[in-house]
Amino acid sequence: MRTEKDMENLQRDSIDFGQMNIPSLFCKLFFPTLMGMIFNAMLNVADGMFVGHGVGSDALAAINIVAPLFTITTGIGLMFGIGASVVASVHLSRGNIKAANINVTQAFIVSLLVMLAIVVAVGLFHEQFIRLLGGSDQLLPYARDYLLLLLPGCPFLLLESIGLMLIRLDGSPRYAMMCNIVPALINIVLDYMFIFPFGMGVGGAALATSLGCAVGGVMVVWYFARCSQTLRMYRLKLSRTSLRLTIRNVGYMTRLGASAFLTEIAMSVMMLTGNYVFIRQMGEAGVAAFSIACYLFPLVFMVNNAVAQAAQPIISYNYGAGNAARVRKALRTSLVAGSICGSLATVLLCVFSEPIVGLFLSPEYPAHAIAASGIPVYASCALFFALNIAFIGYYQSIERPIRATVYTLLRGIILLVPAFLILPALYGNTGAWLAIPCAEALTLVVIVADFYISVLAKSGRLA
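Residues numbered from 1 in each chain as written. Predicted model: local features only at pLDDT ≥ 70, side-chain atom pairs only at ≥ 80, totals over all residues. Heavy atoms only, no water.

S.K.: What's the story with the nonpolar core in this structure? I'm lost.
M.R.: Grouped together as the largest cluster of nonpolar side chains are 148 residues, with contacts concentrated most on Leu-231, Met-270, Phe-420 and Ile-436. Ranked by the residues each element gives to this core, the list is headed by helix H10 (residues 240-320), at 32 residues. Non-local contacts of Leu-231, meaning those with residues more than four positions away in its chain, are made with Ala-88, Leu-92, Ala-100, Asn-101, Val-104, Leu-166, Leu-169, Asp-170 and Phe-224. (Core = buried A, V, L, I, M, F, W, Y, C linked by side-chain atoms within 4.5 Å. Buried < 20%, exposed > 50% of the residue type's maximum accessible area, 1.4 Å probe, protein only. Helix = DSSP H or I, 4+ residues; strand = E, 2+ residues; numbered from the N terminus. Contact = heavy atoms within 4.5 Å.)

S.K.: Which parts of the structure should I look at to understand the packing of H10 against helix H15 (residues 401-414)?
M.R.: In a packed pair of helices, the relevant descriptors are the angle between the two axes and the axis-to-axis distance. Between H10 and H15, whose axes approach to 9 Å, the crossing angle comes to 5 degrees. If you check the angle between H10 and H15, you find them roughly parallel. Contacts between H10 and H15 involve Arg-255, Leu-256, Ala-258, Ser-259, Leu-262, Thr-263, Ala-266, Val-269 and Phe-297 on the former and, on the latter, Pro-401, Ala-404, Thr-405, Thr-408, Leu-409, Arg-411, Gly-412 and Ile-413. Residues of the contact of H10 with H15, tallied by class, amount to 10 nonpolar, five polar and two charged. (Axes fitted to C-alpha atoms, helices over the stretch in contact; angles between N-to-C directions. Parallel < 35°, antiparallel > 145°, perpendicular 65-115°, else oblique. Nonpolar A, V, L, I, M, F, W, Y, C, P; charged D, E, K, R; others polar.)

S.K.: Would you mind going over the side chain of Asn-101 with me for this structure?
M.R.: Counting through the fold element by element, Asn-101 comes out in helix H4 (residues 97-124). Of the residues examined, Asn-101 reaches a relative accessible area of 6% and is grouped as buried. Excluding residues that lie within four positions of it along the chain, Asn-101 makes contacts with Thr-230, Leu-231, Arg-232 and Tyr-234.

S.K.: Before we go on, may I ask you to explain helix H9 (residues 201-227) in this structure?
M.R.: Residues that lie three or four places apart on an α-helix share one face, since the helix turns once every 3.6 residues. For H9, which comprises 27 residues, the first-to-last C-alpha distance of 39 Å matches the rise-based estimate of 39 Å (1.5 Å per residue) to within 8%. Counting buried residues in H9 gives 19 out of 27 residues, a clear majority hidden from the surface. (Expected span 1.5 Å × (residues − 1).)

S.K.: What's the story with a nonpolar patch on the surface in this structure? I'm lost.
M.R.: A contiguous nonpolar patch, built from Val-336, Ile-340, Leu-344, Val-347, Leu-348, Val-351 and Phe-352 and spanning about 660 Å² of accessible area, is present on the exposed surface. Its location among the elements puts Val-336 in helix H11 (residues 324-351). (Patch = residues over 30% accessible without salt bridge, like charges linked within 9 Å, V, L, I, M, F, W, Y side chains within 5 Å. Areas by Shrake-Rupley, 256 points an atom, 1.4 Å probe, with all protein chains shown as cover. Salt bridge = Lys/Arg side-chain N within 4 Å of Asp/Glu carboxyl O.)

S.K.: Even after reading the chapter, I still don't get the packing of aromatic side chains, so can you show me in this structure?
M.R.: Working definition: an aromatic ring pair is given by the centre-to-centre distance plus the angle between the planes. Within the structure shown, the criterion is met by 18 aromatic pairs. Judged by centre distance (5.3 Å) and plane angle (85 degrees), the ring pair of Tyr-223 and Phe-224 falls under edge-to-face. For the pair shown, Tyr-223 and Phe-224 are each scored as buried. Taking 5.6 Å as the distance between ring centres and 85 degrees as the angle between the ring planes, the aromatic pair formed by Phe-451 and Tyr-452 counts as edge-to-face. Owing to a relative accessible area of 18%, Phe-451 belongs among the buried residues under this scheme. Tyr-452 sits in the exposed class, given a relative accessible area of 51%. An aromatic cluster is built from Phe-108, Tyr-175, Trp-222, Tyr-223 and Phe-224, whose rings are joined through pairwise contacts. (Phe/Tyr/Trp six-rings, centres within 6.5 Å; stacked < 30°, edge-to-face > 60°.)

S.K.: What am I meant to see in the packing of helix H6 (residues 140-150) against H9 here?
M.R.: With their axes 8 Å apart at the nearest point, H6 and H9 run at an angle of 20 degrees to one another. When the axes of H6 and H9 are compared, the pair comes out roughly parallel. In this structure, H6 meets H9 at a crossing whose hand is right-handed. Contacts between H6 and H9 involve Tyr-142, Asp-145, Tyr-146, Leu-149 and Leu-150 from the first element and Val-202, Gly-203, Ala-205, Ala-206, Leu-207, Thr-209 and Ser-210 from the second. Taken together, the residues that form the contact of H6 with H9 break down as eight nonpolar, three polar and one charged. (Left-handed = near helix turned anticlockwise from the far one by under 90°.)

Interpretation note: all reported values are geometric properties and have no functional meaning in isolation.
Here you go:
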């Protein structure tokens, strides 16, 4: 049962997606989401800072080898979370609370079963998994120590990723923020303790991450068990009809959220392809330098993902209610916010590249100089990325999964992999750093062209 204090706290977060002023509504969702995302990104950055200074550049490179598991877990969570949030938003806009709760329950249960299967498989074949991700003999011991202690935290990270989307939809963005902040703070404190006073090395960093994720997952479960306002767990039947409906609903939710999953997969592809290119181009020091960019990219991603996630329930709810004017205004608001965030990220990474690299590695490591010269080139991707994510989030929110998926594949795989293969051959080490900005910029050109062609076609001005 919810206590009177719980109800008072939730009422202070009361949100009307259909009536509130769009910029005010966006800000009410965005700033708590942004704070939570920044702290969540710090979870990754803390690992890199403490491992780089406390263990060394090989350990830092090994974490980057294993990092795709983290992004895959987050991707599955976002796929189910966004899919369930979009479907539930539409149901809530039409007053169908029971259907919304059924979809939420199905998303949690099915995704957790999928994640547990992945954890068991990776645990049994961990060495083969590390080799597949590009781990060398030199990096294998560090990667193994990190991976095996990271695995137990993955199911909790999944619950957290799904829960954050649905808690915001339920009208509690501040609680969702705390589900990011509390685990991140725990992780940062434990990172320092396990690596420096306790001397646990790279395994200590993984254990700190797993414990932080466990706290976040428990906070999500507690919310839906005790504090939810509208959305809550619904007892599912085990009949054949119920199972068929679950398969159908989960299939639709995953199609809607597929681009979010592919965004995370694209991040893994970026890391995997980049690891191969940088180790071939610059050796282990190159991979360590690239790993710093990979630590920074989630920070840029989280900030701009906060824009998309803040806009998503507004767009989805009003799309379900048939209010096209509010949908358009929410899109414009998200594009303006994305432009500001992306521009700031580019400027900060360019101006402060040297001290930022110093947070991860001391100047005596060769990787330090490689990263300090490469980060400003890489930073040019931030603005293009921000606008791409805003558009992709818009298409997810209005149940246009094909467009969102195509654009995600375009920026994350179709254009990125050739860029990684071609540009280093043309421009050497600088070309390796240019691959990601080039893929993001070309994708934005395609998205904007397609968007305006669609607008002209609908208005009848395109014969």
